[in-house]
Amino acid sequence: MSLLRIEGLSIRFADQLAVDDMSLELHPGRMLALVGESGSGKSLTALSVMDLLPENASWQADSLQLDDTDLQTLNTEQKRKLRGGRIGMIFQEPLTALNPLHTVEKQISESLFVHQGMSKKRARERCLSLLEQVELPATPDMLDRYPHQLSGGQRQRVMIAMALANEPQILIADEPTTALDVTVQETILDLIKRLQKELNLSILLISHDLGVVSRFAEDIVVMHNGKRVEAGPTDTVLNFPQEDYTRHLIHAEPQGRLEPLPDDTPLLLEARGMAVTFKGKRRALFSPPPLLHAVDQIDLTLRRGETLGIVGESGSGKSTLALALLRLIQSDGDIEMDGTDIRALSRSGLRQWRSRFQVVFQDPYGSLNPRMTVGQIVAEGLAVHAPTLSAVEREEQVCRILEEVGLPTDVRHRYPHEFSGGQRQRIAIARSLIMEPQLLVLDEPTSALDRSVQHQILELLKSLQARRGLSYLFISHDLKVIRAICHRVLVMKDGKTVEHGDTQAVFDNPQQPYTHKLMAAAFAHSRKQTVAL
Amino acid sequence: MAFRNPLMRNPVWQRQWQAFRSNKRGYWALWIFVMLFVLSLGAELIANEKPLLVSYDNELYAPVFNTYPETTFGGFFESETNYRDPVVKDLINDKGWMVWPPIRYSYNTINYDLTVPAPAPPSAENWLGTDDQGRDVLAGLIYGFRISVLFGLMLTILSSIVGIIVGAVQGYYGGWLDLSGQRFLEIWSSMPTLYLIIIISSFVVPSFWTLLVILLLFSWMALVDLVRAEFLRCRNMDYVRAAHAMGVRTPIIMFRHMLPNAMVATLTFLPFILNSAVVTLTSLDFIGFGMPPDAPSLGRLVGQGKANLHAPWLGISVFATLTLMLTLLVFIGEAIRDAFDTRKFLQ
């Protein structure tokens, strides 16, 4: 007997079919994972249950059954009662899903007032017990806090408390941990699992991350391009995938390791005592502003053809370190590249040197100027570093580089908005490569991409490194990616180096408790799967 | 109406142009305004005391563009021909013909043949009547519209250029430069502009250009905050960082990567700045501190309307002209604002 049953659901936007003949069954007390890449229609499927689809979407279903209620026959008022009543929902981004002007108490008790018409005093008691349930300190102080006074993990816990307020039968969790750091992710998922068992909840977990799914969900439905690809108990689907797409998803998890480079490889970059300090807010008018050490005395070396991974959670200062090494922000410390002290260079000297170290940023949408064609974007660096080239020669170079990063040459006449995230990242890589750099700083280059696209970009980076002998400084919070692409790794926390060494050594035998915790969080849920593979 | 210029090949601009066109009210307002403006640029050909073309003794003359002494047409005086003089008219019509513009008055032509005391009500001769000195109101409106819009456009363009440069420098460099710039702006914008203009014009004779400079002193601040905010936002964009990392020079980065973003806000505001420039000039003329007394001016016509309440055609016609002009500009401005609204059209 299933609690929630969707059959033959299709959702369409004006001219395109977003979800096509989708069906799923959620059983009481079990967790069903809906897995797929972005744009596969998994969130839309979940939203249709709540009747929260965007206004320009039209949908139809053969059957949409909750327990013994046919959801399609409900009127608006009944549907409203359902939302936040029998069905609770947790969203991906806890910062935007909470009203910044409401206290925790107000956020949670709102649905208590709406659905149960509770008195203020009873609602407060209920809030406290809910806080206890989601493992937050159940104190009046906590109830009076505003969202900006909470950490990301705490916000997500408040969201869960809100979803649980009216004792729902079903909890829909839409990528509940994607915006969180790995160690926090872990605790939130543990909490959700515990609540499922204690409250006998049925949970629909939407995720793009097979690792999470394999550890927590009992059942799994794989979606691709709006269609259901495969469904069944998690173990069966992961261990004996029937469909090519499922296998493709499983293999898209970054795999493989790199051997450390031989010891006699020449050094390319050596940085000593890197430090970046920001001035904080003055406490009084004439008091000196407190100093915030974003990067605190970091030493690193990078050899030719080597990839150094920089790992850390958000706020650990890894991107700041990259900007400092690129000399894009003020910093202290010595940077020596190829025997030249970069910090001693004059402005114009530095400008000439810039072609040797280039950068690729995380956000493939923000890093390309939307008002320039791909050709103009890629050629921009040439205008600075090879101003003598003729227009024809420049065009030839652009075409050659585009081919090298795996894009057809005719894309140079088009504009960035016509490309997908992975293609944009290739364009950003092409823009850097055209300068013939020795060092490429990659600041979370794959974090905004789906696993399978991520895989392609990583393969591209590896082949470019092999062909051109490039050195990479690879910044990421994703340990799986780091393990797959880096020779050495440097773990950062609060601007300081925690651990630094060969990838193999650090991953197999972490020395510091913090590194240990990171590893445990990142690889715990894939262990089962690794066994299966 | 397909525009084939390089600007329109950019899909972002194309989409915005489409969005602008889809706002019918603003689109038509733009066309009407452009047509009125182009027509008023040829004001001499529409409202003039000289004929467009004179044929005399089988020779053609264009009095609008050249001056001919009366002796050319067999008159007595060496001075410029007064084509409205009945004697001269007869002389020319005897040996040829004249083509007159639709309105046979310039803004400063005085109609001495009025059958009623000035201000004269609308008639077949003076379509919107005359003011209290016997000058044709319609001619005054056409020339006044032209000088208002020209003045407004010049002031808008100049103050935008100054404002964009100041805002860009403040926003890009930030820090102390930005702080001191902001404080200066606050002090400068709290000056009582109108009194200063009145004081200045008491020892400088106001002309088109001196007025432009005086008003520019205070009007350049409108865009500074907008542009500054855009530049502050943009300087942390990844593509700006990437350009820095490639070693592109700062002025080029500002111009190529950051200015286009600031232009959105700027273009949105242009019609409204133009509007306020026109209103400022009109009100200065109205209180008598504006253009020199012999220049055509909407403001002075408003003043005449106020002084001659028994001649409602003065007040009504200038009021209608101003309303039409300002409303058209507001419609255009609204359409541009909607076209640039990324939330609506750049999904």
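Residues numbered from 1 in each chain as written. Chains lettered and ligands numbered in written order. Predicted model: local features only at pLDDT ≥ 70, side-chain atom pairs only at ≥ 80, totals over all residues. Heavy atoms only, no water.

Visitor: Help me out: how do you make sense of the overall build of chain A in this one?
Guide: Scanning chain A from terminus to terminus reveals 20 helices and 21 strands. C-alpha extents for chain A along the principal axes are approximately 75 × 60 × 45 Å. Taken across its 533 residues, chain A has 55% of its residues classed as buried. Contacts in chain A between residues far apart in sequence, at least 24 positions, make up 68% of those at least 6 positions apart. Only carbon and sulfur atoms are counted for the fraction: they give 49% of the accessible area of chain A, which is about 23200 Å². Mean positive and mean negative side-chain charge positions of chain A (60 and 68 charges, respectively) differ by 5 Å. (Helix = DSSP H or I, 4+ residues; strand = E, 2+ residues; numbered from the N terminus. Buried < 20%, exposed > 50% of the residue type's maximum accessible area, 1.4 Å probe, protein only. Contact = heavy atoms within 4.5 Å. Areas by Shrake-Rupley, 256 points an atom, 1.4 Å probe, with all protein chains shown as cover. Lys, Arg positive; Asp, Glu negative; His and termini not counted. Charge placed at Lys NZ, Arg CZ, Asp CG, Glu CD.)

Visitor: Could you clarify how one ought to interpret the interface of chain B and chain A in this entry?
Guide: Frequently, the measure chosen for interface size is the accessible area that the parts lose on association. Counting residues at the interface gives 21 residues for chain B and 25 residues for chain A. Regarding the contact of chain B and chain A, the summed buried area is about 2100 Å², with carbon and sulfur atoms giving 59% of it. Along the contact surface separating chain B from chain A lie one salt bridge. For the pair chain B and chain A, the interface holds eight residue pairs in polar contact (both at pLDDT 80 or more). At the level of elements, α2 (11-22), α11 (238-245) and α12 (250-287) of chain B are the ones that each hand at least two residues to the side of chain B that touches chain A. A per-element tally of the side of chain B that touches chain A places α11(B) first, with seven residues. Of the residues belonging to the side of chain B that touches chain A, the class tally is 10 nonpolar, five polar and six charged. (Buried area = accessible area lost by both parts, 1.4 Å probe. Salt bridge = Lys/Arg side-chain N within 4 Å of Asp/Glu carboxyl O. Polar contact = N/O pair within 3.5 Å; in protein donor to acceptor, adjacent residues only side chain to side chain. Nonpolar A, V, L, I, M, F, W, Y, C, P; charged D, E, K, R; others polar.)

Visitor: Help me out: how do you make sense of the sheet that holds strand β16 (residues 340-341) of chain A in this one?
Guide: For sheets, the rule is that strands pair by backbone hydrogen bonds, running either parallel or antiparallel. Residue and element names in this part refer to chain A. Pairing is antiparallel in the open sheet, where four strands are placed in the order β13-β12-β15-β16. Here the strands that pair on one side only, and so sit at the sheet edges, are β13 (291-303) and β16. Judged from the two bridges that link them, strand β15 (residues 332-337) and β16 form a sheet pairing that is antiparallel. Bridge assignment links E336 to a residue of β16, and that residue is D341. (Pairing = 2+ DSSP bridges.)

Visitor: Explain the nonpolar core here, please?
Guide: Within the largest apolar cluster, 69 residues are counted, with the highest numbers of intra-cluster contacts made by A:I429, A:L461, A:F474 and B:F231. Setting aside residues no more than four positions away along its own chain, A:L461 makes contact with A:I429, A:L442, A:Y472, A:F474 and A:I485. A:L150, A:A161, A:L171 and A:I250 belong to the second largest nonpolar core, which has 48 residues in total. (Core = buried A, V, L, I, M, F, W, Y, C linked by side-chain atoms within 4.5 Å.)

Visitor: Explain the pattern of salt bridges to me, please; I cannot follow it from the model alone.
Guide: In a structure, side chains of opposite charge can pair up when their charged atoms sit close to one another. Considering all chains together, one arrives at 43 salt bridges over all chains under this definition. A salt bridge links A:E444 to A:K318; the nearest nitrogen and oxygen atoms lie 3.6 Å apart. Highlighted residues: A:E444 in the loop between β18 (439-443) and α17 (451-468) and A:K318 in helix α12 (residues 318-325), separated in sequence by 126 residues. The exposure class assigned to A:K318 is buried, which follows from its relative accessible area of 7%. For A:E380, the salt bridge is made with B:R256, and the minimal N-O distance between the two is 2.6 Å. In this pair, A:E380 sits in helix α14 (residues 374-385) while B:R256 sits in helix α12, so the two residues belong to two different chains.

Visitor: Quick question: what am I supposed to make of the environment of B:G144 here?
Guide: All names here are of chain B. Assignment of secondary structure puts G144 in helix α6 (residues 137-173). In this structure G144 comes out as buried when scored by relative accessible area, which is 0%. Once the C-alpha coordinates of G144 and W31 are considered, the two residues, 113 residues apart in sequence, prove to be 20 Å apart. Setting aside chain neighbours within four positions, we find G144 in contact with P296, S297 and L298.

Visitor: In this structure, what is going on with the packing of aromatic side chains? I would like to understand it.
Guide: Aromatic ring pairs are reported here in terms of the distance separating the ring centres and the angle at which the planes meet. Within this structure, the stated rule accounts for 16 aromatic pairs over all chains. Judged by centre distance (5.0 Å) and plane angle (80 degrees), the rings of B:Y172 and B:Y173 are edge-to-face. The exposure class of B:Y172 is buried, given its relative accessible area of 10%. The class for B:Y173 is partly exposed, based on a relative accessible area of 47%. Three or more aromatic residues joined by ring pairs make a cluster, and in this case those are B:W17, B:F20, B:Y27, B:W28 and B:W31. Against the face of A:Y514 rests A:K493, its NZ or CZ located 5.2 Å from the ring centre. The positively charged end of B:R25 is found above the aromatic ring belonging to B:F331, 4.3 Å away from the centroid. (Phe/Tyr/Trp six-rings, centres within 6.5 Å; stacked < 30°, edge-to-face > 60°. Lys NZ or Arg CZ within 6 Å of the ring centre and 35° of its normal.)

Visitor: Sorry, what's going on with the pairing of strand β12 (residues 267-279) of chain A here?
Guide: The two faces of the sheet receive side chains in turn, since in a regular strand these alternate between them. Residues and elements named next belong to chain A. Here β12 pairs with β13 via nine bridges, running antiparallel. Looking at the pairing, E270 lines up with T301 of β13. With five bridges connecting them, β12 and β15 associate as antiparallel partners. From the neighbouring strand, E270 faces β15, where its bridge partner is E336.

Visitor: Sorry, what's going on with the packing of α12(B) against helix α14 (residues 312-339) of chain B here?
Guide: Describing two packed helices takes the angle between their axes plus the distance from one axis to the other. All names here are of chain B. α14 packs onto α12 with a crossing angle of 165 degrees between their chain directions and a minimal axis gap of 7 Å. With respect to each other, α12 and α14 are oriented roughly antiparallel. As α12 packs across α14, the resulting crossing turns out to be left-handed. Taking contact as the criterion, the partners of L267, T268, P271, F272, L274, N275, V278, V279 and T282 in α12 are, on α14, L322, M325, L326, L329, V330, I332, G333, E334, I336 and R337. Here the residues of the contact of α12 with α14 sort into 13 nonpolar, four polar and two charged. (Axes fitted to C-alpha atoms, helices over the stretch in contact; angles between N-to-C directions. Parallel < 35°, antiparallel > 145°, perpendicular 65-115°, else oblique. Left-handed = near helix turned anticlockwise from the far one by under 90°.)

Visitor: Quick question: what am I supposed to make of empty space enclosed by the protein here?
Guide: By rolling a water-sized probe across the atoms, one finds the places where empty space is left. All told, the structure shown has one cavity of 30 Å³ or more when counted by the stated rule. The space that makes up the largest cavity amounts to roughly 30 Å³. Classifying every residue of the lining of the largest cavity gives four nonpolar, two polar and one charged. (1 Å grid on protein atoms, 1.4 Å probe; cavity = no way out; pocket = protein on both sides within 12 Å on 5 of 7 lines; lining within 4 Å. Points joined across faces, edges and corners; volume = space filled by probe spheres on them.)

Visitor: Any chance you could explain unusual backbone geometry here in plain terms?
Guide: Note: most residues except glycine have negative phi, and most peptide bonds are trans. Residues and elements named next belong to chain A. The backbone of E167 sits at a positive phi, close to 50 degrees, despite the residue not being glycine. Positionally, E167 belongs in the loop between α7 (152-164) and β8 (170-174). We note that D494 has phi near 50 degrees; this positive angle belongs to a residue other than glycine. Mapped onto the fold, D494 is located in the loop between β20 (488-493) and β21 (496-502). Of the residues examined, D494 reaches a relative accessible area of 51% and is grouped as exposed.

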